[in-house]
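Coordinates in review
In case you want the letters, here they are:
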Amino acid sequence: MRELTYVARRTVEWREAPDPKLRSDGEAIVAPVAATSCDVDSAILAGHGFVDPPFALGHECVARVLETGDAVTAVGPGDLVVVPWSVNCGTCERCRAGLTAHCTAVPYMAMYGAPIGGNWGGLFSDLVRVPYADAMLVPLPAGLDPVAMASASDNWSLAWRLIAPHLRTRPGARVLVVARGSIGLYVCDIARALGASEVLYVDPDPEHRTLARAFGAATAEALDPILQGYDIAVEATGRVDQLGLTVKCLSPEGICESAGNHFRPGELPLLDMYLTGVTLRVARDNVRAHIPDALELAASGRVAPEKVVSHVFDWEDLPTALPEKHLKPVFVRVED
């Protein structure tokens, strides 16, 4: 088989690898049919990652199940499934608590798309081995388009987690989104669907702002701190200076979710945060626990994740099209 390999800044190529085989009766082999780049992939392709190349890239896809071990009961050959970005067993204490990104059955940070916590390959590959099929794979609900939901492995479900639980406890909240990619746009869509009274989306990209307005958000090119302006804030830029401006906009006891990958150090306005009373969460997501709820919302018709898909390319175009700067390209493989 082939796996798309990151080899240098803005450079990827197909490389041959052995076809994956089932290693236990609880595993599955899947073939991605619609795969997309995560916002962190854009940073990696730009040369801002923290792992040296070469390595297989990709951790967001909908796939077709090809083969399962005898003990697998949740999915079967032919099923369309979402493949979570992190590798998790589903049965250890942390997995049972929903902390699937911190599974103790696999090395720390085990994931697809980067060789940390072992080498699990990438989801821009012709074939993928899923070690805990019942725990990891989530059937795609009937009627949902694999292209629209290619990001359910990470960014779509992450966006749901960043805003939906907070709006349950703070209905009608004012929401600030400071972003650079798909996560922030998904948040705008979800926030409006779930009853936010106001959404401000901040992004220097005019095309992104146009899309955010289509989701009902007000927009701005840059963030001027608005004292005590927002109840909930989502920062997804990976820039500490932007995170610092974001937390300055929170109302007393406001909540800030930081979903950016902070590869570079920086300082936060801790005194301002202390005086206001701020809850700040900086974390990679335990996405497997949220995929079913995020898919349920997508299937409800109240949101339009397909609008964030900027381009649809053929699978064979991956080496040339992926390094280009696109908001949310989806690569589709025609099935036999």
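Our subject is the structure listed above.
This section reports on the structure supplied with the text. In this text the structure is predicted, and so the values were computed from the model without any measurement. (Residues numbered from 1 in each chain as written. Predicted model: local features only at pLDDT ≥ 70, side-chain atom pairs only at ≥ 80, totals over all residues. Heavy atoms only, no water.)

1. Description of the packing of helix H4 (residues 155-169) against helix H5 (residues 182-193)
Between two packed helices, the angle of one axis relative to the other and the distance separating the axes together describe the packing. Keep this limit in mind: An axis is simply a line fitted to the C-alpha atoms; with a helix, the fit covers only the stretch in contact. Between two such axes, the angle follows the N-to-C directions and lies from 0 to 180 degrees. The helix count covers DSSP runs of H or I at least four residues long, the strand count covers runs of E at least two residues long, and both are numbered beginning at the N terminus. Each angle is binned into one of four classes, with values under 35 degrees roughly parallel, values over 145 roughly antiparallel, values of 65 to 115 roughly perpendicular, and all other values oblique. Put simply, a crossing is left-handed when the front helix is turned counterclockwise from the back one by less than a right angle, and right-handed when it is turned clockwise. The contact criterion used throughout is that any non-hydrogen atoms of two residues lie within 4.5 Å. Following the grouping adopted for this structure description, the nonpolar residues are Ala, Val, Leu, Ile, Met, Phe, Trp, Tyr, Cys and Pro, the charged ones are Asp, Glu, Lys and Arg, and the polar ones are all others, Gly among them.
With their axes 8 Å apart at the nearest point, H4 and H5 run at an angle of 40° to one another. Here H4 lies oblique to H5, going by the angle between them. The element H4 and its partner H5 pack so that their crossing is right-handed. For the pair H4 and H5, contact is made by Asn155, Trp156, Leu158, Ala159, Trp160, Leu162, Ile163 and Leu167 and by Ser182, Ile183, Tyr186, Val187, Ile190 and Ala191, respectively. Grouping the amino acids of the contact of H4 with H5 by side-chain chemistry returns 12 nonpolar, 2 polar and no charged.

2. Regarding the environment of Ala35
Definition in use: Whether a residue is buried, partly exposed or exposed follows from its accessible area with a 1.4 Å probe, protein chains only, as a fraction of its type maximum: under 20%, in between, or over 50%, in that order.
Counting through the fold element by element, Ala35 comes out in strand E3 (residues 28-36). The exposure class of Ala35 is buried, given its relative accessible area of 0%. Once the C-alpha coordinates of Ala35 and Gly118 are considered, the two residues, 83 residues apart in sequence, prove to be 22 Å apart. Sequence-distant contacts of Ala35, that is, excluding residues within four places in its chain, are made with Glu60, Cys61, Leu123, Phe124, Ala150, Trp315, Pro329, Val330 and Phe331.

3. Some remarks on the side chain of His59
The line we're drawing: Any N or O atom pair separated by 3.5 Å or less is treated as a polar contact, with the protein-specific requirement of one donor-capable and one acceptor-capable atom, and with residues adjacent in sequence counted only for side-chain atom pairs.
Within the secondary structure, His59 sits in the loop between strand E4 (55-56) and strand E5 (61-68). Overall, the relative accessible area of 3% leaves His59 in the buried class. In this structure the side chain of His59 is engaged in a polar contact, spanning 3.1 Å, whose partner is the side chain of Asp154.

4. Some remarks on the sheet that holds strand E1 (residues 2-8)
As a reminder of what qualifies: When DSSP finds at least two bridges between two strands, those strands are taken to pair.
Taken in spatial order, the 3 strands line up as E2-E1-E4 in an open sheet, and their pairing is antiparallel. Both edges of this open sheet fall to strand E2 (11-16) and E4, since each of them pairs with a single strand only. Pairing between E1 and E4: 2 bridges, direction antiparallel. From the neighbouring strand, Thr5 faces E4, where its bridge partner is Ala56.

5. With respect to the packing of aromatic side chains
Put simply, the rule reads: Classification of ring pairs uses Phe, Tyr and Trp, with its six-membered ring standing for Trp, and accepts pairs whose centres are within 6.5 Å; under 30 degrees between planes counts as stacked, over 60 as edge-to-face, and the remaining range as tilted. In our convention, an over-ring charge means Lys NZ or Arg CZ found within 6 Å of a ring centre and within 35 degrees of that ring's normal.
Under the defined criterion, the tally for this structure stands at 5 aromatic pairs. Consider the rings of Trp156 and Tyr186, whose centres lie 5.2 Å apart with planes at 85°: the pair is edge-to-face. You can see Trp156 sitting in helix H4 and its partner Tyr186 sitting in helix H5, a full 30 residues away along the chain. No difference in accessibility class separates Trp156 from Tyr186, as the two residues are buried. Three or more aromatic residues joined by ring pairs form one cluster here, namely Phe124, Phe313 and Phe331. Of note, Arg2 hangs over the ring of Trp14, and the distance from its end group to the ring centre comes to 4.0 Å. The ring of Trp315 carries Arg333 above its face, with NZ or CZ at 4.9 Å from the centroid.

The values are spatial; any link to function lies outside them.
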